[in-house]
Amino acid sequence: MIRINEIKLSLDEDEALLRAKASKILKVNEKYIKSLTIYKKSVDARKKDSVHFTYSVDVEISLDEEQIVRKCKSGKAVIAAPYSYETPVCHRTSKYRPVIVGFGPAGMLAGIILAESGLRPIILERGKAIEERQRDVNEFWTKAKLDEESNVQFGEGGAGTFSDGKLTTGIKSPHIKKVLDELYEAGAPEEILYSSKPHIGTDRLAIVVKNIRKKIERLGGEIWLETRLDELITANGFVHGVRYTRRGKQLDLETDCVIMAIGHSARDTVEMLFKMGCEIIQKPFSVGARIEHPQSLINKAQYGEFAGHPKLGAADYKLACHGLHERGAYTFCMCPGGTVVAAASEKGGVIVNGMSSLARDGENANSALLVGIEPKDFPSGHPLAGIYYQREIEKKAYELAGGGYKAPAQLVGDFLKGEKSTELGSVEPTYPLGVTLTKLDECLPERVTATMRSAITEMDKKLSGFALYDAVLTAPETRSSSSVRILRDEFLQCAIRGVYPCGEGAGYAGGIVSAAVDGIKCAHAVLSNEH
């Protein structure tokens, strides 16, 4: 297979032209091209007067491919090996079925791998099926009735189900392709296979999650919804089973293998693991707020005169600066045409997040504006101090906004001046339960607000309009990543043998794809263990 990079198409050119452009680069007649598939597609908007698409394509030709690449003498063409995932040989001999705790990205991919290997995993998920979960979330967003077991954080699909479904990641792994293939097979749009910034959209994620559950069940696995892990049953340093509560009834299940894909908000489960002797250390995390701008402003800033072109859709951005803090500030989980959502999972605390549909057609753009928090900033040296720190911020925000899960908010212009906001401007906040205008300094740490102020000014130099006076900051965003790491060894097991800390909640991932990849890694570790 030949991979050809850096093929350019204008916004008005058809992708059918890719074959002709590929044949020209390879210096072969187009008739010799047997197949052409898009490997990567991105928007190049570095020059605002020449916004265009850039492609990498994989080509099969009916000639000697290595000879053709040598003869064409183009730095754009290289020989590439096609990717093919192969499930590792299963060495596991145990009579017990493996258990996975959590049905988010890590648990879903671990479940697929173990089910494909014939191990018939049992997956425990404390929340409800996606349809019921959606009803509970809507009930919270409209009536402020929070179900602590079925919400934006807990339920089928994990926290990522109520997000933009972004699949961008900073990790390098051959398993990324396996993750994307599984998501596409389950109903995600085809463009996730080649887009440089793939996303699924909240609306499509519900379909994907349900189809992954059905696949695991077809392969012999079981997903036990509304089933909360209460504790591990251990003896002599080994796991022998799990104690769980399923729809009000507590039961035991014998097993010698537990993948803990618990997600970053299962604080009670982390506390249980700590009490049972799992070695847990503090981990840096981030705190900040959601910043909302008119999507039209972002489109204009990114695409210039091409803003609004139907092929471009809603523009995004990714910004970072060092500012006043050693880890600086950065934007995260940017949601074009999206909404700010209420993401609480504990009563008496406010958390915000962002999501958007596949169409990304909302009036506002929103992104997390986050500041890194180091363990030295935590209130104590306790391994779970980061969790307690997050919770303290969330409770302060709840009280500051006046209860009812309203969120504290402030206009960017007022925030920069250090003045309390008293009325909204041209940007209408999308947080569903309403906002209380205030000063965010009263719920966010001083080091966070100081760094955010510096960052907004610096980011405005990179993205014109970022410091728009009427833009709205809604706080707090505290759950972008876990504040703990559950230590594991080279076999991916923790101090309790047979227990595999996994994914974002265990401190080994940060996003849908990296969590799913870690789920694959932990499943491989289970398969390689002869026990």
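Here the structure is a predicted model, which means the values were calculated and not measured. (Residues numbered from 1 in each chain as written. Predicted model: local features only at pLDDT ≥ 70, side-chain atom pairs only at ≥ 80, totals over all residues. Heavy atoms only, no water.)

Undergrad: Whenever I open this one, the packing of aromatic side chains confuses me. Can you help?
TA: Each aromatic ring pair is characterised by the separation of its centres together with the angle its planes make. Under the counting rule described, the total for this entry stands at 10 aromatic pairs. For the ring pair Phe 285 and Phe 378, a centre distance of 5.5 Å and an interplane angle of 50 degrees mean the geometry is tilted. Here the residue Phe 285 occupies a position in strand β13 (residues 285-294), and Phe 378 occupies one in the loop between β18 (364-373) and α9 (385-400), the gap between them amounting to 93 residues. The pair formed by Phe 285 and Phe 378 is uniform in burial state, with each residue classed as buried. When the centroid spacing of 6.5 Å and the interplanar angle of 80 degrees are considered together, the rings of Phe 285 and Tyr 389 count as edge-to-face. Taken together, the residues span a long stretch of sequence, with Phe 285 in strand β13 and Tyr 389 in helix α9 at a distance of 104 residues. The exposure classification of Phe 285 matches that of Tyr 389, with both residues buried. Joined through ring pairs, the aromatic side chains of Phe 140, Tyr 398 and Tyr 405 make up one cluster. Directly above the ring of Phe 154 sits Arg 126, whose terminal nitrogen or CZ lies 4.3 Å from the centroid. Directly above the ring of Tyr 508 sits Arg 488, whose terminal nitrogen or CZ lies 3.7 Å from the centroid. (Phe/Tyr/Trp six-rings, centres within 6.5 Å; stacked < 30°, edge-to-face > 60°. Helix = DSSP H or I, 4+ residues; strand = E, 2+ residues; numbered from the N terminus. Buried < 20%, exposed > 50% of the residue type's maximum accessible area, 1.4 Å probe, protein only. Lys NZ or Arg CZ within 6 Å of the ring centre and 35° of its normal.)

Undergrad: So what exactly am I meant to see when it comes to empty space enclosed by the protein here?
TA: Empty space among the atoms becomes apparent when a probe as large as a water molecule is rolled across them. Tallied over the full model, the rule gives 2 cavities of 30 Å³ or more. Taken as a whole, the largest cavity spans an internal volume of roughly 100 Å³. For the largest cavity, the lining is made up of 14 residues, of which Pro 105, Met 108, Leu 183, Leu 205 and Ile 512 are closest to its centre. Residue assignment for the lining of the largest cavity shows that the elements contributing at least two residues are α3 (105-116), α5 (175-185), α6 (202-218) and α12 (512-528). Across the lining of the largest cavity, the residue classes break down as 11 nonpolar, 3 polar and no charged. Of the volumes computed, that of the second largest cavity is approximately 70 Å³. Lining the second largest cavity are Gly 263, His 264, Arg 267, Val 270, Ile 387, Gln 390, Arg 479, Ser 481, Ser 482, Ser 483, Val 484 and Gly 505. Mapped by element, the contributors of at least two residues to the lining of the second largest cavity are α7 (267-275) and α9. For the lining of the second largest cavity, a count of residues per class yields 3 nonpolar, 7 polar and 2 charged. (1 Å grid on protein atoms, 1.4 Å probe; cavity = no way out; pocket = protein on both sides within 12 Å on 5 of 7 lines; lining within 4 Å. Points joined across faces, edges and corners; volume = space filled by probe spheres on them. Nonpolar A, V, L, I, M, F, W, Y, C, P; charged D, E, K, R; others polar.)

Undergrad: Honestly, the sheet that holds strand β20 (residues 435-437) in this entry has me stumped. Any pointers?
TA: Two modes of strand pairing occur in sheets, parallel and antiparallel, and in both the strands are linked by backbone hydrogen bonds. Read across the sheet, 7 strands follow the order β14-β15-β18-β13-β21-β19-β20 without closing on themselves; strand pairing throughout is mixed. What marks the edges here is a single partner per strand, and that holds for β14 (320-321) and β20. Pairing of strand β15 (residues 329-335) with β18 involves 5 bridges; the strand directions are antiparallel. By the bridge assignment for β18, Ala 329 is matched with Val 371. (Pairing = 2+ DSSP bridges.)

Undergrad: Would you explain the pattern of salt bridges in this entry?
TA: A pair can form between side chains of opposite charge whenever their charged atoms are brought close. Applying the stated rule across the entire model yields 39 salt bridges. Arg 46 serves as the salt-bridge partner of Asp 44, at 2.6 Å between the closest nitrogen and oxygen. Across the pair Arg 267 and Glu 346 runs a salt bridge, and its minimum N-O distance is 3.0 Å. Within this pair, whereas Arg 267 is found in helix α7, its partner Glu 346 is found in the loop between β16 (339-342) and β17 (352-355), the two being separated by 79 residues in sequence. On the basis of relative accessible area, Arg 267 is assigned to the buried category, the value being 3%. Salt bridges sharing common partners tie together Glu 116, Lys 178, Glu 182, Glu 185 and Lys 215. (Salt bridge = Lys/Arg side-chain N within 4 Å of Asp/Glu carboxyl O.)

Undergrad: Can you help me understand the nonpolar core in this one?
TA: In this structure, Ile 4, Leu 26, Trp 141, Tyr 431, Leu 444, Met 452 and Leu 473 are the most contacted members of the largest nonpolar core, which totals 79 residues. For Ile 4, the residues in contact, after removing those within four places along its chain, are Ala 22, Ile 25, Leu 26, Tyr 55, Ser 56, Val 57, Val 59, Lys 76 and Ala 77. By size, the runner-up hydrophobic cluster in this structure holds 48 residues, among which are Ile 176, Leu 205, Ala 261 and Ile 520. (Core = buried A, V, L, I, M, F, W, Y, C linked by side-chain atoms within 4.5 Å. Contact = heavy atoms within 4.5 Å.)

Undergrad: Is there a simple way to explain the side chain of Ser 481 in this structure?
TA: Position of Ser 481 among the secondary structure elements: in the loop between β21 (472-477) and β22 (484-486). Since its relative accessible area comes to 14%, Ser 481 is described here as buried. If we skip the residues at most four places from it in the chain, Ser 481 touches His 264, Lys 283, Pro 284, Phe 285, Ser 286, Gln 390 and Glu 504.

Undergrad: Hey, could you run me through the environment of Arg 485 in this one?
TA: Topologically, Arg 485 is positioned in strand β22. Look at Arg 485 and you get partly exposed, because its relative accessible area is 28%. C-alpha of Arg 485 to C-alpha of Ala 235: the two residues are 250 residues apart in sequence and 23 Å apart in space. Here Arg 485 is in contact with Glu 279, Ile 280, Ile 281, Lys 283, Ala 506, Gly 507 and Tyr 508, once residues within four sequence places are set aside. Reaching out from Arg 485, the side chain makes a polar contact with the backbone oxygen of Gly 507 at a distance of 2.7 Å. (Polar contact = N/O pair within 3.5 Å; in protein donor to acceptor, adjacent residues only side chain to side chain.)

Undergrad: Teacher, can you tell me more about helix α4 (residues 130-143) here?
TA: Each turn of an α-helix holds 3.6 residues, which means side chains three or four residues apart point in the same direction. In this model α4 runs 19 Å from its N-terminal to its C-terminal C-alpha over 14 residues, within 8% of the 20 Å that 1.5 Å per residue would give. Those residues of α4 not exposed but buried are Ile 130, Arg 133, Asp 136, Val 137, Phe 140 and Trp 141. One side of α4 carries all its buried residues, which in axial view fall inside an arc of 135 degrees. Exposed side of α4, more than 90 degrees from the buried face: Arg 135, Thr 142 and Lys 143 are the residues found there. Among the structural elements, α6, β16 and β17 are those in contact with the buried residues of α4. Of the residues flanking the end of α4, it is Ala 144, one or two places downstream, whose phi is positive at about 60 degrees. (Expected span 1.5 Å × (residues − 1). Arc of directions from axis to C-beta.)

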